[in-house]
Amino acid sequence: MIEILRTTKQFEIFRKIYDDKSVGFVPTMGNLHKGHLSLTKESLRNNDLTIVSIFVNPKQFCPGEDFEKYPRTLGEDTAKLKELFRSENLIDSNKRLAIFAPESIQEIYPPGFSTVISLPSLSNKLCGLNRPGHFDGVSTVVFSLFSLVRPHKAYFGQKDYQQYLIIKKMIEDLRLNIQIVPMPIKRDTDDLAFSSRNQYLTKEERIDALELPRTLSEIKNIIKTNVWPIAKMKADNLIKEKLTSKKWEYLKILDGLSLEEPQEGTYTIGIFGSIKLGSTRLIDNKLVEIKYA
Ligand code: AMP
């Protein structure tokens, strides 16, 4: 059975029924694809109640970004979730799936809302540099949704790796009693990560977009097959060469846990890239373990 809740009041009443059940939460902006569905599937497997929120959060869009044109497809999203629930053979089970899709922005941000949750040390890099305020918008909405949903587990895709680390740290710092579950990136057959923004791409841009996962794989391969710091020197050379093309917003290798420059003792490297094709910005990342001599 799938419930669709459109107001916070409705949601609070519904949520109380499940006070003694395990609750998994998948926050999204909708326009669901295989990435979102993989998170939902994992939550369905591990919780009595799964809540998928669908809210295009204005606070995480910067001026001039695609807030207005971001695809809003609640009907199709609902159909996809129903199909997932059916295909997982859950219709006759005790499992429940609910969609929380606030009908207006005021449901989340009532007049006078004035709190900002900010984690500057993790936010002021990578995507945060070109999108000032973006991560404050993300952490603020996620905190507000956490308060409402009261989940035991929250599922986040590693596609938005910086976002995952920020929410993880917020949970730790504010002692929220929530287990964050990172989920692997779902990719199309050509290795491009699924994203709601892929549909903005023209045919040519879709082909050009493949340079993003391809370059990350090239760098990953360098780090896998060379010992540190030779691997870093080789990777840095390739990055320098790639960044001569204007389409790159950033391409960086950082410590995969702290997002700081890799140091002696760094074990996992994150390779982070963002390219802009026309007005569409895509991000991706790959993780790799360092080999010391
Ligand atoms: P969004 O709707 O883009 O805000 O994403 C909602 C959640 O889905 C976030 O935790 C994302 O990291 C996750 N997600 C988006 N794309 C993918 C993907 N290709 N693979 C896995 N998770 C994803």
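Let me begin by describing the structure that accompanies this report.

Basis of the calculations
- Residues numbered from 1 in each chain as written.
- Predicted model: local features only at pLDDT ≥ 70, side-chain atom pairs only at ≥ 80, totals over all residues.
- Heavy atoms only, no water.
- Helix = DSSP H or I, 4+ residues; strand = E, 2+ residues; numbered from the N terminus.
- Rg over C-alpha atoms; globule rule 2.2 N^0.38 Å.
- Buried < 20%, exposed > 50% of the residue type's maximum accessible area, 1.4 Å probe, protein only.
- Contact = heavy atoms within 4.5 Å.
- Areas by Shrake-Rupley, 256 points an atom, 1.4 Å probe, with all protein chains shown as cover.
- Lys, Arg positive; Asp, Glu negative; His and termini not counted.
- Charge placed at Lys NZ, Arg CZ, Asp CG, Glu CD.
- Pairing = 2+ DSSP bridges.
- Axes fitted to C-alpha atoms, helices over the stretch in contact; angles between N-to-C directions.
- Salt bridge = Lys/Arg side-chain N within 4 Å of Asp/Glu carboxyl O.
- Right-handed = clockwise from strand over helix to strand, strands pointing away.
- Core = buried A, V, L, I, M, F, W, Y, C linked by side-chain atoms within 4.5 Å.

Let's shift gears to the overall build of the protein. Along the backbone of the protein there are 10 helices and nine strands. Relative to the compact-globule value of 19 Å for 293 residues, the protein shows a C-alpha radius of gyration of 20 Å, a close match. Seen along its three principal axes, the alpha-carbon backbone of the protein occupies a region of about 60 × 45 × 40 Å. Expressed as a percentage of its 293 residues, the buried residues of the protein come to 53%. In the protein, once contacts between residues fewer than 6 apart in sequence are set aside, the share between residues at least 24 apart is 72%. Summing over all exposed atoms, the protein offers an accessible surface of approximately 14400 Å²; the carbon and sulfur share of this is 51%. The protein carries 43 positive and 37 negative side-chain charges, and their two centres are separated by 1 Å.

What follows deals with the sheet that holds strand β4 (residues 96-100). The six strands lie next to each other as β1-β4-β3-β2-β5-β6, forming an open sheet whose pairing is parallel. Edge strands, defined here as strands with exactly one partner in the open sheet, are β1 (2-5) and β6 (179-183). Geometrically, the sheet is characterised by an average inter-axis angle of 25° between neighbouring strands, direction not taken into account. As defined by bridge partners, strand β5 (residues 153-157) adjoins β6 across five bridges and the pair is classed as parallel. Across the sheet, residue Y155 finds its bridge partner in β6, namely V181. Contacts from helix α3 (residues 74-87) reach β1, β3 (49-54) and β4 within the one sheet, and its direction differs from that of β4 by about 170°.

Turning our attention to the pattern of salt bridges. Under the defined criterion, the tally for this structure stands at 22 salt bridges. Among the ionic pairs, D191 bridges to K286, the shortest N-O distance being 2.8 Å. Of this pair, D191 sits in the loop between β6 and α8 (203-208) while K286 sits in strand β9 (residues 280-289), and the two are 95 residues apart along the sequence.

A few words now on the pairing of β4. Among the five residues in β4, four count as buried, and that is most of the element. The pairing of β1 with β4 spans four bridges and is parallel. Bridged to E3 within β4 is A98. In this sheet, β4 lies alongside β3 in parallel orientation, the contact comprising five bridges. Among the inter-strand pairings, L49 is bridged to a residue of β4, identified as R96. A crossover connection joins β3 to the parallel β4 through α3; in handedness this β-α-β unit is right-handed.

Glancing now at the environment of L192. With respect to the helices, strands and loops of the structure, L192 is situated in the loop between β6 and α8. As a C-alpha pair, L192 and F61 span 131 residues in sequence and 23 Å in three-dimensional space.

So, on to the nonpolar core. Judged by nonpolar contacts, the single largest core of 42 residues is most densely connected at I51, F100, V142, F146, F156 and I167. At the level of secondary structure, the elements contributing two or more residues to this core comprise α1 (8-16), β2 (23-28), β3, β4, α6 (134-149), β5, α7 (161-173) and β7 (248-255). Apart from residues lying up to four places away in sequence, I51 is in contact with F11, R15, V23, G24, F25, V26, A98, F100 and V149.

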